[in-house]
Amino acid sequence: MAVRWLLGATPQQILLVPLVFPILALCADVLQFIDPLIGSTNGGNVFAGATRPYGLAKPVADVNGQNTGGFATDGSSITGFSATHDSGTGGNPSLGNFPLFPQLCPEDEVNNCNFLIGERATHYVEESVVARPGYFGVELASGVKASMTSSEHAALYRFEFPVEDGQHPLMLLDLTDLWQSRQNATISLDPGSGRLKGNGTFLPSFGAGSYVMHFCVDFFGGEVFDNGVWVNNRGGPEPKELYVTRGFNLFFLEAGGWVRFNELANNTLTARTGISFVSADQACRRAEEEIPDPLDDFDRLVAETEDAWREKLSPISIDAGGASQELQTNFWSGLYRTMISPQNYTDENPYWNSGIPYFDSFYCIWDSFRVQHPILTILDPTAQVQMVNSLLDIYQHEGWLPDCHMSLSNGWTQGGSNADVVLVDAYVKNLTGINWELALEAIIQDAEVEPLEWAYHGRGGLQSWKDLLYIPYLDFDPIGFGTNSRSISRTLEYAYDDYCLATLAQGLGRDDLYSKYVSRSANWQYIWKPQQNSVINGNDTGFMGFFQPRYQNGTWGYQDPIACSALASFCSLTTNPSETFEASVWQYQFLVPQSMSVLIGLMGTEEPFIQRLDFFHTSGLADISNEPVFSTVYLYHYAGRPGLSTKRLHTYIPSAFNASHDGLPGNDDSGSMGAFVAFGMIGLFPIAGQDVYLISAPFFQEVNVTSPLTGKTARIMTIGFDSSYENIYIQNVTVNGQPWTKSWISHALFIEGWTMELTLGNQESEWGTKLEDRPPSWGEAMI
């Protein structure tokens, strides 16, 4: 019999007062353990440059290899230095607008310089790369040394040129972005100061529409020798203004401005780049305000950024207990990456200004709702509240909550309306300063009203969802339009979105809405086909019962359960679109977080469920580089075997997640991979949208987390910890000195500052195995 549960208490009012905490004595300066280059190759796509927490300005060197985040340690060549980037995303490279590129022209002739991207690309000296919070440096094979840092809205660069007599170092600005998506652009040059101003219209890298970005570049440390514009591979001193279109068909028009200098002090040119989505004048003004003395401000900016990162990470401290420096680096670097994006675009939204902090670069919530936003709720709840309010701000002005939103543009929806989960997760964890009635309205809009373009917000197929109780294969949907695929994964995600809606409705005293939507949260059962088997290479796996696509008339379609896995072929919105998104039926069969007890019953009993999990994780079907797999590592808890969750976690950390440059199994996705690592090492895993953290053995002897809301410190302590990780099984747990038999705990651990002590051993125990001690699960079988 399934356990019926749903949180119903209205959150207590907790005043949002940001507190500042010193780094506790348990840990030295955490910045020594942060390596921004983790995940800088092998598809991690991390942003490795200088940034403040959630900062708009993000300068780094851009390469022509794995350049989704700008820079990569893949041995490719540098094509420029730009001041805006996203971090860890997939798909097309994002941002990287208006790159600068320094060079010395042969024979000191402007037209001997290399203007085109392909011609100017220059290898970098691999051992010269230095990346740390607030600073990035690299030396080009040409001998030019570049270093950079940032304020909130501006980048500061230093370019040291090799000594060559009779040379006038040249700096070009390219009116492009990493994706070469520019539609049109302008640039103007001040002939005396060399100031460059302009803007460009670009396409979002994973979304619809376009955006306009403005720039303002000033130079310091020398005298302007001459300047002008360039088009294709030629430059000239006149005119001083330029407007360019995209070009003709496939021939992208490359163009920009250039400035040459003489009498550079110490052969070093300092460049300050202001960036704005509003205007070039605002870009200039903010750069001048934030970096008023560019020749002397570099060290100040680095120090301020370091202090900003120390403050953001200060709520947490560890006693490593002999854990290796590599594991500590992996941990702290993961936490660091969770606060790079979303980005604070306050007063940078050209479409509206509601007078509140505004965040953008939610890229994408399908990835980030599972672990990144939950960890921000613990460590930086003030920022998380601002992000939630930004989502509601977008709803009020665009009509829908976004599932993805970057560069002030709508991003493509990958599955459900996952902002619903972010909002409800904030609610059940007692965050305040949020209009919950507005949140309820916004989520009901997702659940009830189908937009014309559900490809980038809301949900599609809602008529079928209401009438048939599932999203059909090849659904007839004349109401709205999107990619008519993913019927299995959308059914599963819509069901959980409705469960979260029911949770919020119940908490707000709307029992009528609760009953309606909690019933709809069981719709996932209507695509469960009990007779479906799975065959791999001609061999039956022995497991019966899988999700399958279903037509509108109730008959079954077919998708091989291993399709869209590493054993078959990749599936996305545009590449081999299928009935599951970026993952197989094997993977999606475990994604019913609201009703795990029901799912276990459909699969047989606990033992067959565990056998499925084991097979999934050991057969090559589990793709840990994809966020939906994260929770499957911990699902043994629901079958009464929490020790197996910890055991499974150790098969991924550090083998798939480590401190090397290729230390991420896939896209970091705005810090989602980093959050997964951090939660795993703390010894907890969140079930987003529920007030539930699954308990596992931590990777450190002790972890302390001080709530920025209450100032109270949660302590996770161990007895029997060993850094060789033989003792990874929890024997018993006490909370505030009292026995704790449940394999999960609530957010009160952090808000109220509980002390949780775990006794560890080298064998599984009875702890957490009883039915009443397993994580909450709602519902009962309906098929």
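Please read these numbers as outputs of a predicted model, since none were measured by experiment.

Can you walk me through the overall build of the chain in this structure?
Of the regular secondary structure elements, the chain holds 18 helices and 34 strands. For a compact globule of 783 residues, the expected C-alpha radius of gyration is about 28 Å, and the chain comes in at 27 Å, within 12% of that figure. Judged by the C-alpha coordinates and their principal axes, the chain covers about 85 × 60 × 55 Å. Within the chain, the fraction of its 783 residues that count as buried is 64%. A fraction of 71% describes how many contacts in the chain between residues 6 or more apart in sequence connect residues 24 or more apart. When the 41 basic and 87 acidic side-chain charges of the chain are each reduced to a single mean position, those positions are 5 Å apart.

So what exactly am I meant to see when it comes to the environment of Val424 here?
Tracing the backbone through its elements, the reader meets Val424 in helix α8 (residues 419-428). Its relative accessible area of 1% is what places Val424 among the buried residues. Separated by 19 residues in sequence, Val424 and Ile443 have C-alpha atoms that sit 9.4 Å apart. Discounting residues that sit within four places of it in the chain, Val424 has contacts with Ile443, Cys500, Thr503, Leu504 and Gly689.

Would you mind going over the side chain of Asn418 with me for this structure?
Structurally, Asn418 can be placed in the loop between β24 (409-410) and α8. The contact partners of Asn418, leaving out residues within four places of it in the chain, are Ile365, Trp366, Phe369, Asp403, Glu493 and Asp497.

I'm lost on the sheet that holds strand β31 (residues 729-735) in this one. Help?
Note on sheets: strands pair through backbone hydrogen bonds, and any given pair is parallel or antiparallel. Read from one edge of the open sheet, six strands run β20-β29-β30-β34-β31-β32, paired in mixed fashion. Bordering the open sheet on either side are β20 (316-319) and β32 (738-739), each of which pairs with just one other strand. Bridge count between strand β29 (residues 702-706) and strand β30 (residues 713-719): five bridges; the pairing is antiparallel. Within the sheet, the bridge partner assigned to Val703 lies in β30 and is Ile716.

I'm lost on the environment of Ala57 in this one. Help?
Checked against the element boundaries, Ala57 lands in the segment before β1 (60-63). Distance from Ala57 to Pro133, taken between C-alpha atoms, is 13 Å for residues 76 residues apart in sequence. In contact with Ala57, other than residues within four places in its own chain, are Ala50, Thr51, Ala83, Ser150, Ser151, Glu152, His153, Ala154 and Ala155.

How should a nonpolar patch on the surface be read in this particular structure?
Judged by side-chain polarity, Phe248, Leu250 and Phe251 come together as a nonpolar surface patch covering roughly 460 Å² of accessible area. Within the secondary structure, Phe248 sits in strand β16 (residues 247-248).

It is not clear to me how the sheet that holds strand β10 (residues 184-189) should be interpreted in this structure. Could you clarify?
Strand order across the open sheet formed by nine strands is β5-β6-β7-β8-β19-β12-β11-β10-β15, with antiparallel pairing between neighbours. The two strands at the open ends of the sheet, each matched to only one other strand, are β5 (130-132) and β15 (241-245). Taken pair by pair, the neighbouring strands of this sheet meet at an average axis angle of 15°, ignoring direction. In terms of strand pairing, strand β8 (residues 154-160) meets strand β19 (residues 268-276) through seven bridges, oriented antiparallel. Of the residues in β19, the one forming a bridge with Leu156 is Arg272. Each of β5, β6 (135-139), β7 (145-150), β8, β12 (211-220) and β19 touches helix α3 (residues 294-313); the most contacted strand, β7, lies at about 60° to it.

Looking at this structure, how should I read helix α12 (residues 511-520)?
One full turn of an α-helix is made of 3.6 residues, so residues set three or four places apart face in the same direction. Residues of α12 that are buried include every one of Leu513, Tyr514, Tyr517, Val518 and Arg520, and no others. Within α12, the buried residues cover an arc of 150° as seen down the axis, which keeps them to one side. At its buried positions, α12 is contacted by α9 (436-448), α10 (462-467) and α11 (487-507).

Can you walk me through the packing of aromatic side chains in this structure?
Think of a pair of aromatic rings as described by two things: how far the centres are apart, and how the planes are tilted against each other in angle. The tally for this structure, following the rule as stated, stands at 40 aromatic pairs. Ring centres of Trp352 and Tyr358 lie 5.9 Å apart, and the angle between their planes is 85°; on these two criteria the pair is classed as edge-to-face. Here Trp352 matches Tyr358 in class, with each residue buried. Judged by centre distance (5.2 Å) and plane angle (85°), the rings of Trp528 and Phe547 are edge-to-face. Taken as a pair, Trp528 in strand β25 (residues 528-536) and Phe547 in strand β26 (residues 539-547) lie far apart in primary sequence, 19 residues in all. As far as the burial class goes, Trp528 and Phe547 line up, both buried. Ring-pair connections join several aromatic residues into one group, and the members of that group are Phe98, Phe202, Tyr211, Phe215, Phe277 and Tyr345. Over the ring of Tyr494 we find Arg459, and its NZ or CZ is 5.2 Å from the ring centre. In this structure, Arg550 packs its charged tip against the face of Trp556, placed 4.5 Å from the ring centre.

Help me understand the state of the cysteines, please; the structure alone is not making it clear to me.
Here, disulfide denotes a covalent bond that connects the sulfur atoms of two cysteines. If you walk through the whole model with that rule in mind, you get four disulfides. Here Cys105 pairs with Cys113 through a disulfide, and the sulfurs are 1.9 Å apart. On the sign convention where negative means left-handed, the S-S torsion of about -95° between Cys105 and Cys113 marks this disulfide as left-handed. Grouping residues by exposure puts Cys105 and Cys113 together as buried.

Any chance you could explain the packing of helix α6 (residues 372-379) against helix α7 (residues 381-398) here in plain terms?
In helix packing, the relevant descriptors are the interaxial angle and the interaxial distance, both defined with respect to the helix axes. For the pair α6 and α7, interaxial distance at closest approach is 6 Å and the crossing angle is 130°. Between α6 and α7, the interaxial angle falls into the category oblique. Two secondary-structure elements touch here, α6 through His373, Leu376, Thr377, Ile378 and Leu379 and α7 through Pro381, Gln384 and Met387. The class makeup of the residues in the contact of α6 with α7 is five nonpolar, three polar and no charged.

Which parts of the structure should I look at to understand the pattern of salt bridges?
A complete count under the given rule lists 29 salt bridges for this structure. One salt bridge in this structure joins Asp218 and Arg195, with 2.7 Å as the shortest N-O distance. Of the two residues, Asp218 is situated in strand β12 and Arg195 in the loop between β10 and β11 (196-202); the sequence distance between them amounts to 23 residues. The shortest N-O distance in the salt bridge between Arg774 and Glu606 comes to 2.7 Å. Of the two residues, Arg774 sits in the segment after β34 (755-761) while Glu606 sits in helix α15 (residues 606-618), which places them 168 residues apart along the sequence.

Would you mind going over the packing of α9 against α11 with me for this structure?
Taken N-terminus to C-terminus, the directions of α9 and α11 make an angle of 150°; their axes are 10 Å apart at the nearest point. Our classification of the angle between α9 and α11 gives roughly antiparallel. Taken as a pair, α9 and α11 cross one another with a handedness that is left-handed. Contact residues: Trp436, Ala439, Leu440, Ile443, Ile444 and Ala447 in α9; Asp498, Leu501, Leu504 and Ala505 in α11. Residue composition of the contact of α9 with α11, grouped by class: nine nonpolar, no polar and one charged.

Conventions adopted
- Think of each chain on its own: its residues are numbered from 1, step by step along the sequence as written.
- Restriction of local features to residues with pLDDT of at least 70 applies here, the model being predicted, together with a cutoff of 80 or more for giving and counting side-chain atom pairs; totals for whole chains, interfaces and linings are based on all residues.
- Derived side-chain values reflect all non-hydrogen atoms in the structure, with water molecules and hydrogen atoms excluded from consideration.
- Runs of H or I in DSSP of at least four residues are treated as helices and runs of E of at least two as strands, each being numbered from the N terminus.
- Each radius of gyration reported is based on C-alpha atoms, and the globular scaling rule is 2.2 Å times the count of residues to the power 0.38.
- Three exposure classes are used, based on accessible area relative to the maximum for each residue type with a 1.4 Å probe and protein chains only: buried under 20%, partly exposed in between, and exposed over 50%.
- Throughout, a contact is declared for two residues whenever any of their heavy atoms are within 4.5 Å.
- Think of it this way: Lys and Arg go in the positive column, Asp and Glu in the negative one, and His and the chain ends go nowhere.
- Charged side chains are reduced to one point each, which is NZ for Lys, CZ for Arg, CG for Asp and CD for Glu.
- Any two strands between which DSSP finds at least two bridges are classified as paired.
- Like charges are joined within 9 Å and nonpolar side chains (Val, Leu, Ile, Met, Phe, Trp, Tyr) within 5 Å, but only among residues with over 30% relative accessible area and no salt bridge; these make up the patches.
- In these tables, accessible area is a Shrake-Rupley quantity obtained with a 1.4 Å probe, and a residue counts as shielded only by the protein chains included in the view.
- For salt bridges, the criterion is a side-chain nitrogen of Lys or Arg within 4 Å of an Asp or Glu carboxyl oxygen.
- To get an axis, fit a line to the C-alpha atoms, keeping to the stretch in contact for a helix; angles then go from 0 to 180 degrees between the N-to-C directions.
- This arc is taken over the directions from the axis of the helix to the C-beta atoms.
- Stacked, edge-to-face and tilted are the three classes for Phe, Tyr and Trp ring pairs, Trp counted by its six-membered ring, which pair at centre distances within 6.5 Å; planes under 30 degrees apart are stacked, over 60 edge-to-face, the rest tilted.
- Placement of a positive charge over a ring is assigned whenever Lys NZ or Arg CZ falls within 6 Å of the ring centre and within 35 degrees of the normal to the ring plane.
- Two cysteine sulfur atoms make up a disulfide if the distance between them is within 2.5 Å.
- Just so you know how the angles are binned, under 35 degrees is roughly parallel, over 145 roughly antiparallel, 65 to 115 roughly perpendicular, and the rest oblique.
- For this classification, the nonpolar set comprises Ala, Val, Leu, Ile, Met, Phe, Trp, Tyr, Cys and Pro, the charged set comprises Asp, Glu, Lys and Arg, and every other residue, Gly included, is treated as polar.
- Crossings are assigned a handedness: left-handed for a near helix turned anticlockwise from the far helix by less than a right angle, right-handed for a clockwise turn.

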